[in-house]
Amino acid sequence: YSLAGIKTVKKYLDWIEREFGPNKRIIVNTPYAFIPGNSRRRNVIDVDPIDFMQLILNAEMIVTDSYHGTLFSVNFAKNFVCLSKSEIASDYRKTDILKVLGLTNHIVENLDEIMPVEMFLNKFDYKNKLNVFRNDSLDYLVACLNEKK
């Protein structure tokens, strides 16, 4: 899932095809860049929210540059890489949550940094880290609400 333009998305796809070989089926969701499909690649730019969630839920690996793609990858415990440009101020939303969860090894500035490929092959369990973060957030909200009484 990418919000980048055609050149950047094409670079992502070329990297995936080069690193994982011809047997991977690639689903592309790029609302701002139409990438033609082929026998291995399907571009799904017009999916509804439920279908979008299903794509992420059923993916083996995810390369994303979006906030929502990053958070859904974590929530569904997917092997993922979060592409982030340090000079883009809005990227802090993605990177800050990954820092809190101790998942900064998933942040890369360009595809040349995505090594080793094993990051995509090992199953990770983020649930413990995510549950601690959720509980801390809930405690904070409850404390704030109690102060208002």
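Given the structure is predicted, the values throughout are model-derived calculations rather than measurements.

Calculation rules
Residues numbered from 1 in each chain as written. Predicted model: local features only at pLDDT ≥ 70, side-chain atom pairs only at ≥ 80, totals over all residues. Heavy atoms only, no water. Helix = DSSP H or I, 4+ residues; strand = E, 2+ residues; numbered from the N terminus. Buried < 20%, exposed > 50% of the residue type's maximum accessible area, 1.4 Å probe, protein only. Contact = heavy atoms within 4.5 Å. Pairing = 2+ DSSP bridges. Axes fitted to C-alpha atoms, helices over the stretch in contact; angles between N-to-C directions. Right-handed = clockwise from strand over helix to strand, strands pointing away. Phe/Tyr/Trp six-rings, centres within 6.5 Å; stacked < 30°, edge-to-face > 60°. Lys NZ or Arg CZ within 6 Å of the ring centre and 35° of its normal.

Draft legend 1. The arrangement of the overall build of the protein in detail. The number of helices and strands found in the protein is 6 helices and 5 strands. In sequence order, the protein lays out its α and β elements as α-β-β-α-β-α-β-α-β-α-α. Taken across its 149 residues, the protein has 38% of its residues classed as buried. Summarising the internal contacts of the protein: among those between residues at least 6 apart in sequence, 54% fall at separations of at least 24.

Draft legend 2. Just the sheet that holds strand S3 (residues 61-64), in detail. Taken in spatial order, the 3 strands of this open sheet run S3-S4-S5, and their pairing is parallel. Each edge of the sheet is formed by a strand with only one pairing partner; in this case those strands are S3 and strand S5 (107-108). Sheet topology places strand S4 (residues 79-83) next to S5; 2 bridges connect them, and they run parallel. Residue Cys 82 lies in a different strand from S5, and its bridge partner there is Ile 107. On top of the sheet, helix H3 (residues 67-75) reaches S3 and S4; it is set at about 155° to S4, its chief contact.

Draft legend 3. Local environment of unusual backbone geometry. One non-glycine residue, Ala 77, adopts positive backbone phi at about 55°. Looking at the secondary structure, you find Ala 77 in the loop between H3 and S4. Assessed through its relative accessible area of 8%, Ala 77 is described here as buried.

Draft legend 4. Structural detail: the pairing of S3. Neither face of S3 is left uncovered, since the one carrying Met 61 and Val 63 and the one carrying Ile 62 and Thr 64 both have all their residues buried. Taken together, the 4 bridges between S3 and S4 define a ladder with parallel strand orientation. Paired with Thr 64 across the bridge in S4 is Cys 82. On the question of chirality, the crossover connecting S3 to the parallel S4 by way of H3 is right-handed.

Draft legend 5. Examining the packing of aromatic side chains more closely. Counted by the stated rule, this structure contains 2 aromatic pairs. With a centroid separation of 6.0 Å and an interplanar angle of 70°, the aromatic rings of Phe 52 and Phe 72 are classed as edge-to-face. Remark: Phe 72 occurs in helix H3 and Phe 52 occurs in helix H2 (residues 49-57); sequence separation between them is 20 residues. Overall, Phe 52 belongs to the buried group, its relative accessible area being 13%. Between the aromatic rings of Phe 72 and Phe 76, the centroid separation amounts to 6.3 Å while the plane-to-plane angle is 15°, which identifies the pairing as stacked. Taken together, the ring pairs in this structure connect Phe 52, Phe 72 and Phe 76 into an aromatic cluster. A cation over a ring is seen here: Arg 93 above Tyr 67, with NZ or CZ 3.8 Å from the ring centre.

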